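One letter stands for each residue in the lines below.
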Amino acid sequence: VWDVSDGRCVRVMRAGAVNFLACSFDPLGSFIAAASSDKLIRLFRVSDGEVSRTLRGHTKEVTCVAFHPSDRLLASGSLDCSLRLW
């Protein structure tokens, strides 16, 4: 996570050797959903960079994630040709 006002890195999100393919901030800016090559979605807390929840259900790489702007819904898309609402 970068501070755009001065260009410095303020937080690094990691989950082993996983490749993240997409990410999205929740509407309140408290969480980042990260889509990954290992078929999972990880919800990271922005405050400390830790994984708060892992979402399982896709059978191939998760390629996109997006939070609904006024709700706590998260949409994800995958190479398994599915769209999921969480």
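Residues numbered from 1 in each chain as written. Predicted model: local features only at pLDDT ≥ 70, side-chain atom pairs only at ≥ 80, totals over all residues. Heavy atoms only, no water.

Student: I'd love a proper account of the sheet that holds strand β4 (residues 31-36), names of residues and values included.
Tutor: On the basis of which strands lie adjacent, the open sheet formed by 4 strands has the order β3-β4-β5-β6 and antiparallel pairing. In this open sheet, the two strands that pair with only one neighbour each are β3 (20-25) and β6 (51-56). Put simply, the sheet's adjacent strands are angled 20° from each other on average, direction ignored. Relative to β4, β3 runs antiparallel, the two sharing 5 bridges. Paired with Phe 20 across the two strands is Ser 36, which belongs to β4. (Pairing = 2+ DSSP bridges. Helix = DSSP H or I, 4+ residues; strand = E, 2+ residues; numbered from the N terminus. Axes fitted to C-alpha atoms, helices over the stretch in contact; angles between N-to-C directions.)

Student: Kindly report on the state of the cysteines, identifying the contributing residues and their values.
Tutor: Tallied over the full model, the rule gives 0 disulfides. No disulfide involves Cys 64; its sulfur sits 12 Å from the nearest other cysteine sulfur, which is in Cys 81. Looking at Cys 64, the relative accessible area reads 37%, which means it is partly exposed. (Disulfide = S-S within 2.5 Å. Buried < 20%, exposed > 50% of the residue type's maximum accessible area, 1.4 Å probe, protein only.)

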